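Per-entry structural report
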Amino acid sequence: MKIGFLYAGQGTQKEQMGKALYETYPTAKAMYDSIHLDDIDVKDLCFNGDLATLSQTSNTQPCMVATAAVITELLKEEGIIPDFVAGLSLGEYSALYAAGVFDFQTALELVRFRGLAMEQAVQGMDSMMSAILGMDRETLTAICEEASSEGLVQIANYNCPGQLVIGGETKAVEKAATMALEQGAKRAVTLNVSGPFHTKLLKPASDALAERFKTVTFHPIQIPVIFNSTAKPLAEGETVAGMLTKQVMSSVYLEDSIRYMIEQGVDTFVEIGPGKALSGFVKKISKNVAIYQVEDPESLQKTVESLRNSAE
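Parameters and conventions
- Residues numbered from 1 in each chain as written.
- Predicted model: local features only at pLDDT ≥ 70, side-chain atom pairs only at ≥ 80, totals over all residues.
- Heavy atoms only, no water.
- Helix = DSSP H or I, 4+ residues; strand = E, 2+ residues; numbered from the N terminus.
- Rg over C-alpha atoms; globule rule 2.2 N^0.38 Å.
- Buried < 20%, exposed > 50% of the residue type's maximum accessible area, 1.4 Å probe, protein only.
- Areas by Shrake-Rupley, 256 points an atom, 1.4 Å probe, with all protein chains shown as cover.
- Pairing = 2+ DSSP bridges.
- Axes fitted to C-alpha atoms, helices over the stretch in contact; angles between N-to-C directions.
- Contact = heavy atoms within 4.5 Å.
- 1 Å grid on protein atoms, 1.4 Å probe; cavity = no way out; pocket = protein on both sides within 12 Å on 5 of 7 lines; lining within 4 Å.
- Points joined across faces, edges and corners; volume = space filled by probe spheres on them.
- Nonpolar A, V, L, I, M, F, W, Y, C, P; charged D, E, K, R; others polar.

**A look at the overall build of the protein chain**
Along its length, the protein chain carries 14 helices and 8 strands. Against the globule reference of 20 Å for 312 residues, the protein chain gives a C-alpha radius of gyration of 19 Å, in line with a compact fold. For the protein chain, the proportion of its 312 residues judged to be buried stands at 55%. If you sum the accessible surface of the protein chain, you get close to 13200 Å²; carbon and sulfur atoms cover 48% of it.

Here it is, written out as structure tokens:
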């Protein structure tokens, strides 16, 4: 059995996330109690914040990464360590924590900074994102090129077959979505997000991260990380700092990342974090792999027991 951990991204946050873990496991309690960010109480937000507050980008990011890191450590205590890790957008930071690149505090400080930088980059911007369902990437790429006469629009997320997300300036995205429907897409769904994430419009956030990373210690990768913007592990000449700087304004190739992991022999995926969005993507990519999801004590125990039985 080869295990791949997949870390959820922004959009799956929920009220009281991690609270039951905190109340059940000493390790979870110790980790949440150790969090110290000057301008935000991550533990209180996770356990007591309403969904609107939790869904503000700069709040979502440290809360999601804190919970993902806690679950990673709880799985490690049970002897479950992945062979590969990947994450959707924000989830890439959780994956890098799992791979030993960041310690817990550094990961949280970085994603708090990232969230604030992303909010600042999109402030006052007339932008939107739309999920395009039931269309191939080649056709949608051509549509985006044509619709760019109205402004910037590009494919931001390659999630799974039949699910692509476009983002950019509002008029251009609206034109591309209309054209997609005219050319056979099943649906175009406007996403409730605060900016055109993973497009070139996020360059100010990318520049801010590049400066911030100059002060960060990046430890060697202990577990192969499949990066969003290349769908591959780190290549010769690439750096983690460079990949994360690029990631915030580049397309997320999640489908390609999952396919790469399967090609490397991964036959078991564990989605870490609230919800089952990534599990749904995996199911559409391959029917031949096992998929588990962990967000609370019940799903943790169920996953641990199933993986132990599979290993016997």
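From this point, things continue past the structure.
**Structural notes on the sheet that holds strand β5 (residues 163-169)**
The strand order across the open sheet built from 4 strands is β4-β5-β3-β6, with neighbouring strands paired in antiparallel fashion. In this open sheet, the two strands that pair with only one neighbour each are β4 (153-160) and β6 (187-190). Within this sheet the neighbouring strands show an average axis-to-axis angle of 25 degrees, counted without direction. In this structure, strand β3 (residues 127-133) lies alongside β5, joined through 7 bridges in antiparallel fashion. When the sheet's bridge partners are listed, isoleucine 132 is paired in β5 with leucine 164. Against the sheet, helix α9 (residues 170-182) engages β3, β4, β5 and β6, with an angle of about 145 degrees to β5.

**Here we look at the layout of surface pockets**
Space inside the largest pocket adds up to approximately 740 Å³. In this structure, the largest pocket is lined by 31 residues; those nearest its centre are Gln10, Gly11, Leu191, Val193 and Phe197. Listed by contribution, the elements that provide at least two residues to the lining of the largest pocket are α5 (57-77), α7 (104-122), β3, β4, β5 and α13 (277-285). The class makeup of the residues in the lining of the largest pocket is 14 nonpolar, 16 polar and 1 charged.

**A few points about the environment of glutamate 236**
Of note, glutamate 236 is situated in the loop between α10 (203-213) and α11 (240-247). By relative accessible area, glutamate 236 is classed as exposed at 84%. C-alpha separation for the pair glutamate 236 and alanine 180, spaced 56 residues apart in sequence, amounts to 38 Å.

**As for the sheet that holds strand β7 (residues 268-272)**
Ordered in space as β2-β1-β7-β8, the 4 strands form an open sheet in which the pairing is parallel. Of all the strands in the sheet, the pair left with one neighbour each is β2 (84-87) and β8 (290-294). For this sheet, the mean inter-axis angle between neighbouring strands, taken without regard to orientation, is 20 degrees. In this sheet, β2 lies alongside strand β1 (residues 3-7) in parallel orientation, the contact comprising 4 bridges. Each bridged residue has a counterpart across the sheet, and for leucine 6 the counterpart in β2 is alanine 86. With respect to the sheet, helix α12 (residues 254-263) is in contact with β1, β2 and β7, its orientation differing from that of β1 by roughly 165 degrees.

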